[in-house]
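Descriptive analysis of the structure
Listed below are the residues making up each chain.
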Amino acid sequence: MSLLALRSLLVKQRQVSLSLLRCSVSPLPSLIRTYASGSAEKQSSTSRSLAAGGDRTDVSTDVRPIGERVKENTKTASYMGVILLGVGVTGILFYVVFWELFSSNSPNNVYSEALERVKDEPRVKDALGAPIKGFGEESRRGRRTHVAHTKYVKDGVEYIRMQFYIQGFRNRATVHLEKRKTDSGSYEYRYLFVQLDYNPHNPIILEDNRLQQDAMHSAPGGTAPQPFL
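Residues numbered from 1 in each chain as written. Predicted model: local features only at pLDDT ≥ 70, side-chain atom pairs only at ≥ 80, totals over all residues. Heavy atoms only, no water.

1. Brief notes about the overall build of the protein chain
A count of helical and extended segments in the protein chain gives 6 helices and 6 strands. Within the span of the protein chain, comprising 229 residues, buried residues form 21% of the whole. Restricting the contact set of the protein chain to residue pairs at least 6 apart, pairs at least 24 apart contribute 41%. Summed over its atoms, the accessible surface of the protein chain is roughly 17000 Å², and 60% of this surface lies on carbon and sulfur atoms. (Helix = DSSP H or I, 4+ residues; strand = E, 2+ residues; numbered from the N terminus. Buried < 20%, exposed > 50% of the residue type's maximum accessible area, 1.4 Å probe, protein only. Contact = heavy atoms within 4.5 Å. Areas by Shrake-Rupley, 256 points an atom, 1.4 Å probe, with all protein chains shown as cover.)

2. What to know about the pattern of salt bridges
This structure, assessed with the given rule, holds 10 salt bridges. Between D197 and R172 there is a salt bridge whose closest N-O contact spans 4.0 Å. Of this pair, D197 sits in the loop between β5 (187–196) and β6 (204–208) while R172 sits in strand β4 (residues 172–181), and the two are 25 residues apart along the sequence. You can call D197 partly exposed: its relative accessible area is 46%. The closest approach of N and O atoms between R190 and E178, which form a salt bridge, is 2.6 Å. Here R190 is found in strand β5, whereas its partner E178 is found in strand β4, with 12 residues between them in sequence. By the burial criterion, R190 is buried, and E178 matches it. Here the salt bridges do not stand alone but share partners, grouping R161, E178, R190 and D214 into one network. (Salt bridge = Lys/Arg side-chain N within 4 Å of Asp/Glu carboxyl O.)

As structure tokens, then:
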């Protein structure tokens, strides 16, 4: 074979190879464009779905009738009112208990102080017989309940009057007392005496400051304090 024939054959093979290569490469850009457009459509669809979902979350899911919702709100407000009322009552009770236990001017402390004063009095011990115990009013069942007392205001001055009972191993007696509030806020005795059950007309007087106090606070010509019995 001559050189010219061989060269002619190589040229033809090269042309055939280039043709095949063009045929195989030409669809690639269209495939890339198709894939890109499909991806864009898919992303757009996903974005629209998310946006729709976000819009749906803003819509209330409470489909109950208005009357039912109003009834439930009213019930909740009633419960809150009851709770607040209970808290207020509890606070008042705590205040009253605290005042009764720790205030020196409370009826409970006035009673305790007067009872100790009476129990330490030698004349009372001789009349009733030690040991001596104190108690308040008695009910029909014989149970000893609260100590009878009253508070009142006269001429702008606060007073407390009290009565309770004491008993020794021999006799019983009734204790009467009255205190007035001073300018300093403390209480002082107007009188404190023990009325014996077996001899009520001869009380044992521990305090009687009525004459001095009334002379200081009453106008000239005022009436003098009356005796106990």
